[in-house]
Amino acid sequence: MKTIFLYITLILTSSLLTAQTKYYTKSGNIDFEASVPSFEEVIAKNVAVTSILNIETGEIASLALIKGFRFKVALMEEHFNENYAESDKFPKATFTGKITNFSIENLTNAPQHFDLIGTLTFHGKSVEINPEMSISLDDDIINISSEFIVKPERFDIKIPKLIRKKVAETVKVTINYALTKKS
């Protein structure tokens with residue numbers, strides 16, 4: 001009986017310790033912009049991004065449902081989902097990577113800069129990216145923000161000649177996450 005109690009205690013303790021090493025959100029923000037001057041803004045926002053950070057290893061993973069991106073113009077959103085992102089065929093974008101030299105012990109409420117190495121998968125294509133991240137710790141919440149540029153062609157997205165001048169050749173992606181301890 002003591003052995004069973006010890007075994008159960010060990011399992012519960014290890015699962016609690018493991019849970020405390022992860023921070024997550026289900027309401028992260030990803031914005032992207034591909035606007036050009038003199039034409040309608042091409043801006044979208046997704047406020048339901050899931051992300052998880054292992055504070056022991058610096059590994060981070062994020063998932064965004066493509067149909068979660070909202071545009072100011074409904075027709076632009078429809079064209080994005082049907083013609084470019086092909087969200088029925090490729091319903092999600094993911095990122096997996098590692099924050100270099102990450103240590104939660106060194107975080108403060110003042111943002112610090114870290115390099116990130118990882119793979120962004122969108123439209124069925126995986127591309128390595130290495131953006132810089134700004135990370136802070138405020139009242140047990142890890143705040144992460146980053147901004148980086150991607151090219152649609154790297155994800156096999158073709159912009160038709162008819163609208164090529166209305167859409168930027170590069171897309172600015174901005175992320176903002178407020179991660180809390182996973183319980």
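The sections below set out a description of the structure shown in this document. (Residues numbered from 1 in each chain as written. Predicted model: local features only at pLDDT ≥ 70, side-chain atom pairs only at ≥ 80, totals over all residues. Heavy atoms only, no water.)

Some thoughts on the overall build of the protein chain
- Scanning the protein chain from N- to C-terminus turns up two helices and ten strands.
- A buried classification covers 38% of the 183 residues belonging to the protein chain.
- Accessible surface, the protein chain: about 11,400 Å² in total, of which carbon and sulfur atoms supply 57%. (Helix = DSSP H or I, 4+ residues; strand = E, 2+ residues; numbered from the N terminus. Buried < 20%, exposed > 50% of the residue type's maximum accessible area, 1.4 Å probe, protein only. Areas by Shrake-Rupley, 256 points an atom, 1.4 Å probe, with all protein chains shown as cover.)

Here's the deal with the packing of aromatic side chains
- Per the stated rule, a full pass over the model turns up seven aromatic pairs.
- A ring pair is formed by Phe71 and Phe80, whose centres lie 5.2 Å apart and whose planes are at 50 degrees; its orientation type is tilted.
- Taking relative accessible area as the criterion, Phe71 reaches 10% and is therefore assigned buried.
- Under the relative-accessibility criterion, Phe80 is labelled buried at 11%.
- Through successive ring pairs, a cluster of aromatic residues spans Phe32, Phe69, Phe71 and Phe80. (Phe/Tyr/Trp six-rings, centres within 6.5 Å; stacked < 30°, edge-to-face > 60°.)

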